[in-house]
Amino acid sequence: MRYELWLGLRYLFAKRHERFISLIAVLSIGGVALGVMALLLVLSVMSGFDHDLKEKLVGANAHLTVQAARGIQDIEPLIRTIAAAKHVAGVAPFVVGQAIIRLPDRAFGVVVRGLDVQREIRVSRLQDYLVLGRLPREDREAVVGVELARELGVGLGDPLRLISPADGALHECTVSGIFRSGMYELDVNLVGLTLAKAQQLFELPGSVSGVAVRLDRLEQADDVKAVLTAQLGGGYVVKTWMELNQTLFDALKLEKLTMFVILTLIVLVAAVNIVSTLIMMVIEKTRDIGILKAIGASNRSVGRIFIWQGLVIGGVGTLAGLLGAWGLIWLQDTYELIALPNTIYYLDHLPVRIEWADWSVTVAAAMVISWLATVYPARQAARLAPVEALRYE
């Protein structure tokens with residue numbers, strides 16, 4: 001152990017007459033710990049919500065969509081081409097558009113999605129989201145979200161009247177299933193029909209809106225998109241699930257960055273305490289500094305003593321905050337101590353998720369701030385002249 005570190009630890013933790021300085025040192029450690037713990041907890045909660053949102057978006061939607069400006073006519077060759085691409089696990093054609101649900105006293109605008117049921121189960125988790133009934137197998141059947149069913153007051157076997165946007169004709173279906181995806185906008189807007197029925201509703205005989213693609217590895221979405229774009233040519237538009245929800249994820253990233261900056265201010269406040277502690281310690285140890293310099297200690301060596309003290313305060317506080325945050329996250333993840341209203345948030349507990357990249361940045365930021373807090377006190381100690389330090393001793 002370098003003598004500067006040993007001496008710094010001795011100054012920091014040895015009993016001294018100036019107990020007030022010791023108290024400030026403890027408060028500095030507590031301030032760093034509190035700031036780091038708060039920052040890690042908030043980032044973990046936001047990562048939990050972000051992960052839960054991604055799971056629901058990916059579960060309800062395909063990883064990639066392939067569409068053309070005027071629809072796709074000859075679908076089977078396209079499906080075979082896409083299915084042959086590396087990492088493609090499932091392909092399903094779809095028709096999508098808007099329609100109106102007619103009630104005796106009001107009307108609802110909804111999104112209608114035509115499904116190839118046999119292929120759809122390979123690209124989305126709509127089958128798994130069913131809480132009642134089944135996906136439509138016949139042209140007169142429809143599946144609706146739980147929120148839409150509540151708004152309409154319908155259940156299994158009840159009629160559903162859709163007005164076509166193409167010719168204004170009324171199409172009557174029967175509710176064959178009700179799903180709950182966890183995404184309110186989806187559960188309150190989506191109506192699933194058979195592919196043939198949707199083509200009839202939108203007057204698209206033999207044509208589909210696009211092809212949904214599911215991958216075996218989600219992180220390959222951008223690479224597969226590049227491959228398919230090159231293979232299919234300019235007549236098709238390939239989009240990843242992130243691009244389809246780009247605004248939402250940009251907002252989440254901005255919010256996460258904002259919270260990081262705001263909560264880092266807590267660590268900065270603790271850094272002010274570190275500066276105060278070290279300045280008072282320099283004043284208290286003026287005689288010792290003079291003796292060290294008189295026996296040959298260099299300015300840099302004296303400065304390192306107080307740099308090590310600040311780094312120890314920051315390191316102990318950061319470690320305490322990290323352990324505290326990990327413990328609270330483990331308790332929440334294991335026992336779900338904080339519950340949420342399921343009808344409002346579609347979650348029954350506060351989601352938490354540790355992202356090691358966020359934790360690494362937080363720990364690094366706390367240590368850098370702690371180091372910066374030592375610069376001024378260390379310089380002041382290094383500049384003390386031995387004669388001035390010992391003059392009144």
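A. Summary view of the packing of aromatic side chains. As enumerated under the stated definition, the model contains 3 aromatic pairs in all. Centre to centre, the rings of Trp241 and Phe249 are 5.5 Å apart; their planes meet at 85 degrees, and the pair counts as edge-to-face. There is no split in this pair, since Trp241 and Phe249 are both buried. Ring geometry for Trp356 versus Trp359: centroids 5.7 Å apart, planes at 65 degrees, classification edge-to-face. One end of the pair, Trp356, and the other, Trp359, are both in helix α15 (residues 356-383), 3 residues apart, so they sit about a helical turn from each other. Classification of Trp359 by relative accessible area gives buried; the value is 2%. The ring centre of Phe94 lies 4.4 Å from the NZ or CZ of Arg113, which sits over that ring.

B. Layout of the pattern of salt bridges. Considering all chains together, one arrives at 14 salt bridges under this definition. Salt-bridge contacts for Lys285 lead to Asp288; the nearest nitrogen and oxygen are separated by 3.9 Å. The exposure class assigned to Lys285 is buried, which follows from its relative accessible area of 15%. According to the relative accessible area criterion, Asp288 is partly exposed, its value standing at 22%. For Glu355, the salt bridge goes to Arg353, with nearest N and O atoms at 3.1 Å.

C. Inspection of the environment of Leu232 at higher detail. For Leu232, the position within the fold is in helix α9 (residues 221-232). Spatially, the C-alpha atom of Leu232 lies 49 Å from that of Ala38, the residues being 194 residues apart in sequence. Leave out the neighbours within four places in its chain, and Leu232 touches Val66, Leu78, Thr81, Ile82 and Val238.

D. View of the nonpolar core. Counting 45 residues, the largest nonpolar core has Ile82, Ile101, Val112, Leu162, Val191 and Val211 as the members making the most contacts within it. Sort the elements by how many residues they give to this core and strand β2 (residues 88-102) lands first, with 5 residues. Aside from chain neighbours lying at most four places away, what touches Val112 is Val95, Val96, Gly97, Ala99, Leu162, Val191, Leu193, Leu201 and Phe202. Counting 37 residues, the second largest nonpolar core, distinct from the first, contains Leu12, Leu350, Ala366 and Ile369.

E. Molecular detail of the packing of helix α11 (residues 246-284) against α15. Put simply, α11 and α15 touch, their axes get as near as 9 Å, and they point 30 degrees apart. Between α11 and α15, the angle is such that the two are roughly parallel. Seen from above, α11 lies across α15 with right-handed handedness. Taking contact as the criterion, the partners of Lys256, Phe260, Thr264, Val267, Leu268, Ala271, Ile274, Val275, Leu278, Ile279 and Val282 in α11 are, on α15, Asp358, Val361, Thr362, Ala365, Ala366, Ile369, Ser370, Ala373, Thr374, Tyr376, Pro377 and Ala381. Of the residues in the contact of α11 with α15, the class split is 17 nonpolar, 4 polar and 2 charged.

F. View of the confidence of the model for the chain. For the chain, the average pLDDT comes to 90, and 95% of its residues sit at 70 or higher. For the chain, the element scoring lowest by mean pLDDT is helix α14 (residues 342-345), at 66; strand β5 (residues 141-145) scores highest, at 97.

G. Representation of the pairing of strand β3 (residues 107-115) in the model. Strand direction decides the pairing type here: β2 and β3, joined by 9 bridges, are antiparallel. Opposite Val95, over in β3, you have Gly114 as the bridge partner. One ladder, built from 5 bridges, connects β3 with strand β8 (residues 190-194); its direction is parallel. Residue Val111 lies in a different strand from β8, and its bridge partner there is Leu190.

H. Spotlight on helix α13 (residues 299-335). Taking 1.5 Å of rise per residue, 37 residues should cover 54 Å, and α13 covers 54 Å from first to last C-alpha, within 8% of that figure. Taken from the residues just after α13, Glu336 is the one with a positive phi, measuring 50 degrees.

I. Spotlight on α11. The end-to-end C-alpha distance of α11, which contains 39 residues, comes to 57 Å, matching closely the 57 Å that a straight helix rising 1.5 Å per residue would cover. For α11, the full list of buried residues reads Phe249, Phe260, Leu263, Thr264, Val267, Ala270, Ala271, Ile274, Thr277, Leu278, Met281 and Val282.

J. How the structure looks around unusual backbone geometry. Positive phi, normally seen in glycine, also occurs at His87, with a value near 75 degrees. Inspection of the secondary structure assignment puts His87 in the loop between α3 (75-83) and β2. Accessibility expressed as a relative area gives 19% for His87, which makes it buried. Despite not being glycine, Glu203 has its phi angle at roughly 55 degrees, a positive value. Within the secondary structure, Glu203 is located in the loop between α8 (195-201) and β9 (208-215). Classification of Glu203 as partly exposed rests on a relative accessible area of 43%.

Parameters at a glance
- Residues numbered from 1 in each chain as written.
- Predicted model: local features only at pLDDT ≥ 70, side-chain atom pairs only at ≥ 80, totals over all residues.
- Heavy atoms only, no water.
- Phe/Tyr/Trp six-rings, centres within 6.5 Å; stacked < 30°, edge-to-face > 60°.
- Buried < 20%, exposed > 50% of the residue type's maximum accessible area, 1.4 Å probe, protein only.
- Helix = DSSP H or I, 4+ residues; strand = E, 2+ residues; numbered from the N terminus.
- Lys NZ or Arg CZ within 6 Å of the ring centre and 35° of its normal.
- Salt bridge = Lys/Arg side-chain N within 4 Å of Asp/Glu carboxyl O.
- Contact = heavy atoms within 4.5 Å.
- Core = buried A, V, L, I, M, F, W, Y, C linked by side-chain atoms within 4.5 Å.
- Axes fitted to C-alpha atoms, helices over the stretch in contact; angles between N-to-C directions.
- Parallel < 35°, antiparallel > 145°, perpendicular 65-115°, else oblique.
- Left-handed = near helix turned anticlockwise from the far one by under 90°.
- Nonpolar A, V, L, I, M, F, W, Y, C, P; charged D, E, K, R; others polar.
- pLDDT = per-residue confidence, 0-100.
- Pairing = 2+ DSSP bridges.
- Expected span 1.5 Å × (residues − 1).

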